[in-house]
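Summary of the model geometry
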Amino acid sequence: MNPAIRIDPETGRKIFNTRAAKASEKIAGKGYSVLADQKLKELPEMPAGATFNAEEQAKYRSFKEARRGAADYMAMEGEFKKYLDDVYSEPPIQREALTDECEILVVGAGFGGLLLWHKLSQAGFTDVRFCEKGGDVGGTWYWNRYPGIACDVESYSYLPLLEEMGYIPSMKFASGFEILEYCQSMAEKFGFYDHCLFHTTVVATTWDEASGRWLVETDRGDKMRARFVILANGILTTPKLARIAGMEKFKGASFHTSRWNYDIDLRGKTVGIIGTGATAVQAIPELAKIVGQLYVFQRTPSSIDVRDQRATTDEERAAWANEPGWARARRQRFAKISAGRTAIQANDDYLAGKVPDVKEHKKYDRKLTPEELIQKQLDANFRIMEQIRARVDAIVKDPKTAAALKPYYPYGCKRPTFHDEYLPTFNLPHVHLVDTAPRGVSEINERGVVHEGVEYPLDVLIYATGFQWMGTSTFNMITGRGGRTLKAKWETEGTKTFLGLHSRGFPNLFIVTGPQGGGGSFNFTDAIDAHGDYVVWMLQTMRERGAAIVDVRQDHEDHYAEHCRVVDIATAPLRDCISYYNGEGNATPGSLAYYGGGQWHKHRIAAQSSLEPYVFEGESATLLAAAK
Ligand SMILES: Cc1cc2nc3c(=O)[nH]c(=O)nc-3n(C[C@H](O)[C@H](O)[C@H](O)COP(=O)(O)OP(=O)(O)OC[C@H]3O[C@@H](n4cnc5c(N)ncnc54)[C@H](O)[C@@H]3O)c2cc1C
């Protein structure tokens, strides 16, 4: 057995052996099944004469207003900290605390960390160290292992480095377990494990002006120095709980979906699940297959679109084997689709490059104004939602349950979901929808959930209450120039970045897919890929210039932040509901995800060709040597 830390005789650098993952044999429901019943895989015809008229608009508005202020989430602190325990790993590998220096320190070992390592090492930057809270790689796909988990973006466009890995996903929507194993294979193939400190949470990142280094402190007592810090710690990383009176009293077993406890045998048990977002939609059909009674506590229904899962075909495998660059080309085609539903449902002919466009676009005899364009999108959006609501009526037999399962908000305003077994699950006699609209569950006691005076005794309570959006804890512990924290800067000035990647006063720090940089596109891998390329470009540019430090100019940052605000406001009618995307209706425009689409690339290209937004300082012999 290798020690946790040893020295590479060739480079003199440290090699780590801190992976602590353990396999679980108890996992059931590994992803979506392929259904034979065609009727379950189609949306009903568009209801005749469906228009987003004043009456329908008023219905959407009252649906929204009734929920305003209902979302009250809390961090998992104090007695609720137990919900954050890493249930997927052996105890952390013991190792000495590190007080040395590396060139580049990356926080996070999900797709972001893995892709960064591939790009950085290819470009010759090998003095790279990763810190990861969990016991193995995968990030989202390490932490989320609930039954039924799968990606919602087709796996051929979503999984990174498919060609480099010589891998083709087994299904159009690969299960989370397949994705986790794929992450582990990537880490093995590209030598990632040697560079990663697992079970190591970064707790403070402080800029030291005198040395031009970041001091990175962790919960393992490390005090490391790094010239560059890259935050790849995700956008849906920190689980949250709905604040419900009496939660601490419940005597049965309970857990959050992002720490699924397979040691609790759910077979035949009475189980409650709070939340009906994207996770719950995937988990509920699988839960219903094994539990005795299932109570689903819903505040707001999700839009349940068609999944149409299928296995990868032999023809696809054969075609891709003879088509160099197929995966990148496919992801690029996917990225060109501007409408959420079209992207997710995108037809294979378009994605495979057999037809030039995803659909025929309507031609207008004059250029429409931005307002007219939004109105057209809202009308089309309404018609899709009508079909989604009609699907509920067509499948769910009990009219009261069907009525409660119908969402009244624009498509994509809350995270859209896709499933062909979710709605039929509510026809099963042991599955009960408890409609807690619009305020949600208000009380939990020793025995279970109480709603409107009715007690629902439970053996097990599962919280499917989601994650913080775009606010991983790292943003609370970064201290830049002049001792100012990133949190303090953004609280006083509003969120301000350049391209989402830099924030002035925090030199040599890169934020991957953070606020103003990511999240507005459907396929996260696309943003991670673009941000990774950008970081490598910047390091190469600094290498060529011999620069040691990069920061950004105030005017460029202000201008970019204003652009984020403008594009958020312009597209806001498409997100007019209470959702985590808009901070439950409270977010300042431009402060969260980026909604400018391809305009991000225009800003990037302009910056890269003029170099005007950047302030380069100092000289760096070490960087030049490290990246020869
Ligand atoms: C259930 C689920 C399904 C999803 N499905 C899709 C999909 O189909 N398509 C899509 O495009 N996106 C999807 N997403 C979004 C998904 O998060 C991204 O696609 C992508 O996996 C993010 O990768 P990442 O590396 O940036 O972040 P993550 O995968 O979140 O990884 C970040 C890592 O950073 C670690 N970390 C955080 N803070 C610290 C710290 N202070 N110190 C050390 N380590 C830290 C975390 O432990 C985590 O492992 C899904 C998200 C969820 C939760």
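Here's what I pulled together on the structure shown here. Model, not experiment: these values are computed from the prediction. (Residues numbered from 1 in each chain as written. Predicted model: local features only at pLDDT ≥ 70, side-chain atom pairs only at ≥ 80, totals over all residues. Heavy atoms only, no water.)

The strand order across the open sheet built from 3 strands is S17-S18-S19, with neighbouring strands paired in antiparallel fashion. Lying at the two open borders of the sheet, with one neighbouring strand each, are strand S17 (443-444) and strand S19 (454-457). Alignment of S17 against strand S18 (residues 448-451), held across 2 bridges, turns out to be antiparallel. Within S18, the residue paired with Glu443 across the bridge is Val450. (Pairing = 2+ DSSP bridges. Helix = DSSP H or I, 4+ residues; strand = E, 2+ residues; numbered from the N terminus.)

A few words on the site of the ligand. The full set close to the ligand counts 35 residues, and Glu132, Thr140, Asp152, Tyr158 and Phe524 are the nearest of them. Within the backbone of Thr140, a nitrogen or oxygen atom sits 2.7 Å from an oxygen atom of the ligand. Val153 is positioned with one of its backbone polar atoms (N or O) 3.1 Å from an oxygen atom of the ligand. Among the elements of the structure, helix H2 (111-122), helix H3 (140-143) and helix H16 (524-545) are those that each provide at least two residues to the shell around the ligand. When residues in the shell around the ligand are grouped by element, the largest group, 3 residues, is from H3. (Near = heavy atom within 4 Å. Polar contact = N/O pair within 3.5 Å; in protein donor to acceptor, adjacent residues only side chain to side chain.)

Further remarks concern the state of the cysteines. One pass over the full model with this rule turns up 1 disulfide. Two residues share a disulfide in this structure: Cys413 and Cys577, whose sulfurs sit 2.0 Å from each other. Its S-S torsion of about -110 degrees marks the bond between Cys413 and Cys577 as left-handed, since a negative value means left-handed. Pair noted here: Cys413 is in the loop between helix H13 (399-404) and strand S15 (417-418) and Cys577 is in the loop between helix H17 (554-571) and helix H18 (599-610), with a separation of 164 residues, a long-range link. Of all cysteine sulfurs in the structure, the one in Cys151 sits closest to Cys183, which takes part in no disulfide; the separation is 11 Å. Free cysteine Cys564: the closest other cysteine sulfur is in Cys413, separated by 19 Å. Since its relative accessible area comes to 3%, Cys564 is described here as buried. (Disulfide = S-S within 2.5 Å. Buried < 20%, exposed > 50% of the residue type's maximum accessible area, 1.4 Å probe, protein only.)

Here we take up the pairing of strand S20 (residues 460-463). For a regular strand, the rule is simple: side chains alternate between the two faces of the sheet. Neither face of S20 is left uncovered, since the one carrying Val460 and Ile462 and the one carrying Leu461 and Tyr463 both have all their residues buried. The pairing of strand S12 (residues 270-274) with S20 spans 4 bridges and is classified as parallel. Paired with Ile274 across the two strands is Tyr463, which belongs to S20.

The parallel open sheet is built from 5 strands, whose spatial order is S11-S20-S12-S13-S16. If you trace the sheet from one side to the other, it starts and ends with strand S11 (253-256) and strand S16 (431-435), each paired once. In this sheet, adjacent strand axes meet at a mean angle of 15 degrees when their direction is disregarded. The sheet contact formed by S11 and S20 spans 4 bridges and is parallel. In the sheet register, Ala253 faces S20, and the bridge partner there is Val460. (Axes fitted to C-alpha atoms, helices over the stretch in contact; angles between N-to-C directions.)

A word on the nonpolar core. Counting residues in hydrophobic clusters, the biggest one holds 110 residues, and the most contacted among them are Phe192, Leu294 and Tyr614. Contact partners of Tyr614, with chain neighbours within four places excluded, come to Phe498, Leu499, His502, Tyr534, Trp537, Met538, Val550, Asp551, Val552 and Ala607. Of all hydrophobic cores here, the second largest spans 27 residues; its members include Trp207, Met477, Phe506 and Ala548. (Core = buried A, V, L, I, M, F, W, Y, C linked by side-chain atoms within 4.5 Å. Contact = heavy atoms within 4.5 Å.)

Running from N to C, H2 and H16 point in directions that differ by 40 degrees, and their axes come no closer than 9 Å. As summarised for this structure, H2 and H16 are arranged oblique, according to the angle between their axes. Between H2 and H16 lies a crossing whose hand is right-handed. Packed against H2, whose contacting residues are Phe111, Gly112, Leu115, Leu116, Lys119 and Leu120, the element H16 presents Thr525, Ile528, Asp529, Gly532, Asp533, Val535, Val536 and Leu539 at the interface. A per-class count over the contact of H2 with H16 returns 8 nonpolar, 3 polar and 3 charged. (Parallel < 35°, antiparallel > 145°, perpendicular 65-115°, else oblique. Left-handed = near helix turned anticlockwise from the far one by under 90°. Nonpolar A, V, L, I, M, F, W, Y, C, P; charged D, E, K, R; others polar.)

On to the side chain of Thr541, then. For Thr541, the position within the fold is in helix H16. By relative accessible area, Thr541 is classed as buried at 8%. With near-sequence residues (within four places) excluded, Thr541 lies in contact with Leu611 and Phe616.

With that settled, the discussion passes to the pattern of salt bridges. If the charged atoms of two oppositely charged side chains come close together, the side chains can form a pair. Applying the stated criterion to the full structure yields 47 salt bridges. For Arg213, the salt bridge is made with Glu101, and the minimal N-O distance between the two is 2.5 Å. Within this pair, whereas Arg213 is found in strand S8 (residues 213-218), its partner Glu101 is found in strand S4 (residues 101-107), the two being separated by 112 residues in sequence. Arg213 sits in the buried class, given a relative accessible area of 14%. Here Glu386 ties to Arg389 by a salt bridge, and the two come within 2.9 Å at their closest N and O atoms. Taken together, the residues span about one helical turn, with Glu386 and Arg389 both in helix H12 (residues 370-395) at a distance of 3 residues. Each member of the pair Glu386 and Arg389 is classed as buried. Connected through shared salt-bridge partners, Glu154, Lys172, Arg310, Glu316, Arg330 and Asp348 make up one network. (Salt bridge = Lys/Arg side-chain N within 4 Å of Asp/Glu carboxyl O.)

Another aspect to go through is unusual backbone geometry. With glycine set apart, most residues show a phi of negative sign, and most peptide bonds adopt trans. Residue Pro438 follows Ala437 across a cis peptide bond; omega there is -5 degrees. Mapping Pro438 onto the fold places it in the loop between S16 and S17. One non-glycine residue, Asn508, lies in positive phi territory at about 55 degrees. Position of Asn508 relative to the elements: it lies in the loop between helix H15 (486-493) and strand S22 (509-511). The exposure class assigned to Asn508 is buried, which follows from its relative accessible area of 1%. Of note in the backbone geometry, Gln516 takes a positive phi value of approximately 65 degrees without being a glycine.

Okay, the environment of Tyr295 next. For Tyr295, the location among the structural elements is in strand S13 (residues 293-298). What makes Tyr295 buried here is its relative accessible area of 18%. Measuring from C-alpha to C-alpha, the distance between Tyr295 and Glu315 comes to 43 Å, with 20 residues separating the pair along the chain. Setting aside residues up to four positions removed in sequence, Tyr295 forms contacts with Thr270, Val271, Gly272, Ile273, His432, Val434, Tyr456 and Leu458.

With respect to the secondary-structure elements, Gln293 resides in strand S13. Spatially, the C-alpha atom of Gln293 lies 9.0 Å from that of Leu458, the residues being 165 residues apart in sequence. Discounting chain neighbours no more than four positions away, the residues touching Gln293 are Lys269, Thr270, Val271, His430 and His432.

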